[in-house]
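# Survey of secondary and tertiary structure
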Amino acid sequence: MTEVACIADSTGSFRKPPLAELGRDLLRVGRLEVTGSLVLPFACVAGFFFAASYHAWWAAVFFAVVQSFFTYASISHDLVHRTLGLPNWLNELLLSAIETLNFRSGHAFRVTHLHHHARFPDSSDIEGQAAAMLWWRALIEGLSAQPRYFVWAWRHCGGTGASRSWLAVEGVMVTVLLVACIASYPSNPAPIVYASLILAGSWIFPFMTSFMPHRAHEKIPIRQTRLFRGSVIRCLTFNHLYHLEHHLYPQVPHHRWPQLAEKLDPFFKEAGIPEIRLGK
């Protein structure tokens, strides 16, 4: 153990241990884990329409919820950060395809999210703006979030690995897919139900991914993102609420967030980082 284990200074700031000390195994994801993650979005879409064809709407809604949650929260998120070890062409293609299935632009996601990592809580951070709002305002923010993110990304995509060509193609694909879903009604209601559920899922993202995990008005950087712990939180969020850990080590894929959190706990405790804990 090196001297970086001393992580709190007189100002309350946090000097994070290098990833080499925590273990570079945190960057490794098995082929089966990667395959499972990448198949899940397409399987959920297939599951939704299969269930809808038999009017098993409870099952169809379940597939849509899983699709919306796991893509934005982890699978597309890993593709944004390029943490799955895929060839670049495949990573970009999958990011585009998976987010298009969710009526979102994958490369707009990359532009806004990487800017969030670099600038939060600066006023230029469009993704993090909801963190400084009242809870009801953060919910309303979601109604127009995706179009605003796309326009912002179009204007600021230079040097981010997300060219306007990708954005243009994704914008057209999302529009065509949405129009096709609307046009199928009333002869086939399943596509418009799918679109409505996925869009509704996207509307709550500013509240869930910006307002809930951040403290925008906190002056100390390490305390600007909340630390969540406990079995109830892990269960409710499917082991996904490790936002502070992700801000510190964005190169770690979501599959290793629980292990990363466990390794960081002694450092957080020594630095006096407050927890929000539900369960053991």
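A brief look at the structure comes next.

Calculation rules
- Residues numbered from 1 in each chain as written.
- Predicted model: local features only at pLDDT ≥ 70, side-chain atom pairs only at ≥ 80, totals over all residues.
- Heavy atoms only, no water.
- Phe/Tyr/Trp six-rings, centres within 6.5 Å; stacked < 30°, edge-to-face > 60°.
- Patch = residues over 30% accessible without salt bridge, like charges linked within 9 Å, V, L, I, M, F, W, Y side chains within 5 Å.
- Areas by Shrake-Rupley, 256 points an atom, 1.4 Å probe, with all protein chains shown as cover.
- Salt bridge = Lys/Arg side-chain N within 4 Å of Asp/Glu carboxyl O.
- Helix = DSSP H or I, 4+ residues; strand = E, 2+ residues; numbered from the N terminus.
- Buried < 20%, exposed > 50% of the residue type's maximum accessible area, 1.4 Å probe, protein only.
- Contact = heavy atoms within 4.5 Å.
- Expected span 1.5 Å × (residues − 1).

### Focus on the packing of aromatic side chains
Counted according to the given criterion, the structure contains 13 aromatic pairs. An aromatic cluster is built from Phe48, Phe49, Phe103 and Tyr194, whose rings are joined through pairwise contacts.

### Observations regarding a nonpolar patch on the surface
Taken together, the side chains of Leu134, Trp135, Trp136, Leu139, Ile140, Leu143, Trp203, Ile204, Met208 and Met212 define a hydrophobic patch exposed on the protein surface, amounting to about 980 Å² of accessible area. Positionally, Leu139 belongs in helix α6 (residues 135-141).

### With respect to the environment of Pro186
With respect to the helices and strands, Pro186 occurs in the loop between α8 (164-183) and α9 (190-203). Sequence separation between Pro186 and Ala153 is 33 residues, and the spatial gap between their C-alpha atoms is 35 Å.

### Considerations on the environment of Met212
By secondary structure assignment, the location of Met212 is in the loop between α10 (205-211) and β1 (227-229). The class of Met212 is partly exposed, set by a relative accessible area of 31%. Sequence spacing of Met212 and Arg226 is 14 residues, and the spatial spacing of their C-alpha atoms is 8.2 Å. Apart from the residues lying within four places of it in its own chain, the contact partners of Met212 are Phe207, Arg226 and Phe228.

### So, helix α2 (residues 31-53)
In an α-helix, one turn spans 3.6 residues, which is why side chains three or four residues apart end up on the same side. Its 23 residues place the ends of α2 33 Å apart at the C-alpha level, agreeing with the 33 Å of an ideal helix rising 1.5 Å per residue. All buried positions along α2 are accounted for by Val34, Ser37, Leu38, Pro41, Cys44, Val45, Gly47, Phe48, Ala51 and Ala52. Here the buried face of α2 lies against α3 (57-81), α4 (88-100) and α9. Just beyond α2, the residue with positive phi is His55, at close to 60 degrees.

### Structural notes on unusual backbone geometry
Of the consecutive residues Phe120 and Pro121, the connecting peptide bond is found in the cis state with omega at 5 degrees. Looking at where Pro121 falls in the secondary structure, it is placed in the loop between α5 (106-119) and α6. Of the consecutive residues Tyr185 and Pro186, the connecting peptide bond is found in the cis state with omega at 10 degrees. Positive phi outside glycine occurs at Arg82, with the angle close to 55 degrees. Relative accessible area serves as the criterion here: at 39%, Arg82 is assigned to the partly exposed category.

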